[in-house]
Amino acid sequence: MLSERRLQVLRAIVQDYVGTEEPVGSKALTERHNLGVSPATVRNDMAALEEEGYIAQPHTSAGRIPTDKGYRLFVDKLAGVKPMTAPERRAIQNFLEGAVDLDDVVARTVRLLAQLTRQVAVVQYPSLTRSTVRHVELLSLAPARVMLVLITDTGRVEQRMVDCPAPFGETSLADLRARLNSRVAGRRFSDVPKLVEDLPDAFEPEDRGTVSTVLSTLLETLVEENEERLMIGGTANLTRFGHDFPLTIRPVLEALEEQVVLLKLLGEAKDPGVTVRIGHENAHEGLNSTSVVSVGYGSGGEAVAKLGVVGPTRMDYPGTMGAVRAVARYVGQILAES
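These numbers come from a predicted model, not from an experiment.

**Things to note about the overall build of the chain**
Each helix and strand counted, the chain has 12 helices and 10 strands in total. Radius of gyration (C-alpha) of the chain: 26 Å, far over the 20 Å computed for a compact globule of 338 residues. A principal-axis box enclosing the C-alpha atoms of the chain has dimensions of 90 × 40 × 35 Å. Evaluated residue by residue, the chain yields a buried proportion of 49% over its 338 residues. Long-range pairs, those at least 24 residues apart, make up 60% of the contacts in the chain with a sequence separation of at least 6. For the chain, the computed accessible surface area is about 16,200 Å², with 50% contributed by carbon and sulfur atoms.

Given below as structure tokens:
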């Protein structure tokens, strides 16, 4: 265990390095921070921190910089989450409230996160598997053609065309719409197949084929695999941090192009708290020089997807964690109200 003073020294090193981009020396630390000890004592503390792997000396400099291990201790023990100011919170709310649909909410969230943190922002669309059905609309387009519109609790809208085996009248369609919604509205997607399996039996024999066709289209829509969609923005922000990436920024950019990598990075949506992955904690080699701060968002206190930012390990962790958490909270409110 590190002594309280050494923890203070580590905190000061992280804060100064993040703020100045320069390796930190003992003289600068004692001048800038009220550590209450001499530069010689601080030098001893820094030697101990270096020996234990919390800080390191870049090859050319007399100063020290935090390692992944040092940042991890800082995030876990030393850094609070910096709350947003009232004007910042109002600006977030006003910007997100202007959204017209789910795509617009996601697009605005990406832009906002990238601007607030000056990092790369990644937002996952709400997952269908964790959603509930708000409403199913059925519209007659021709005697034997129906449009099925599925609306979820997160505002997601899925449309499908259904070619029916026989003509299906308006009265029968209205009856199917009413019966279907009475069974599935407000229910989880995973519960729907069981809830509708005997629905065709409630109709006349000549209509059962069409009812079954409509239901199978609905069930296909619920289980489609391409649901894990992402939006990414602010990649150009990385160019401001060129010197933070040891050799080149290219592996980072290549990793950010892989959707599977990003989904793994954001982690499981069911873990709603703020998660911070630092440097080599990221399994993908191209992201070993980055940190990822992510959090779940959703309506009604349950996370349906994740959002977060990717940036260099030399990151303002308290500010980034505060921004990511605040944006997630407002996105959740907007989804709940939509």
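Text resumes after the structure shown.
**Comments concerning the side chain of Asn237**
Following the sequence through the fold, Asn237 ends up in the loop between strand E7 (230–233) and helix H10 (250–256). Here Asn237 is in contact with Ala114, Arg118 and Gln119, once residues within four sequence places are set aside.

**Structural notes on the pairing of strand E10 (residues 305–312)**
Most of E10 is tucked away, with 8 of its 8 residues classed as buried. Two elements, strand E3 (residues 120–124) and E10, share 4 bridges in a ladder whose sense is antiparallel. Bridge pairing links Val120 to Val310 in E10. Relative to E10, strand E9 (residues 290–297) runs antiparallel, the two being bridged by 8 bridges. Bridging across to E10, Val295 finds its partner in Leu307.

**Concerning a positive patch on the surface**
Taken together, Arg89, Arg90, Arg325 and Arg329 make up a surface patch of like positive charges. For the positive patch, the secondary-structure elements that each account for two or more residues are helix H5 (86–97) and helix H12 (317–337). Of note, Arg89 is situated in helix H5.

What counts as what
- Residues numbered from 1 in each chain as written.
- Predicted model: local features only at pLDDT ≥ 70, side-chain atom pairs only at ≥ 80, totals over all residues.
- Heavy atoms only, no water.
- Helix = DSSP H or I, 4+ residues; strand = E, 2+ residues; numbered from the N terminus.
- Rg over C-alpha atoms; globule rule 2.2 N^0.38 Å.
- Buried < 20%, exposed > 50% of the residue type's maximum accessible area, 1.4 Å probe, protein only.
- Contact = heavy atoms within 4.5 Å.
- Areas by Shrake-Rupley, 256 points an atom, 1.4 Å probe, with all protein chains shown as cover.
- Pairing = 2+ DSSP bridges.
- Patch = residues over 30% accessible without salt bridge, like charges linked within 9 Å, V, L, I, M, F, W, Y side chains within 5 Å.
- Salt bridge = Lys/Arg side-chain N within 4 Å of Asp/Glu carboxyl O.
- Lys, Arg positive; Asp, Glu negative; His and termini not counted.
- Charge placed at Lys NZ, Arg CZ, Asp CG, Glu CD.

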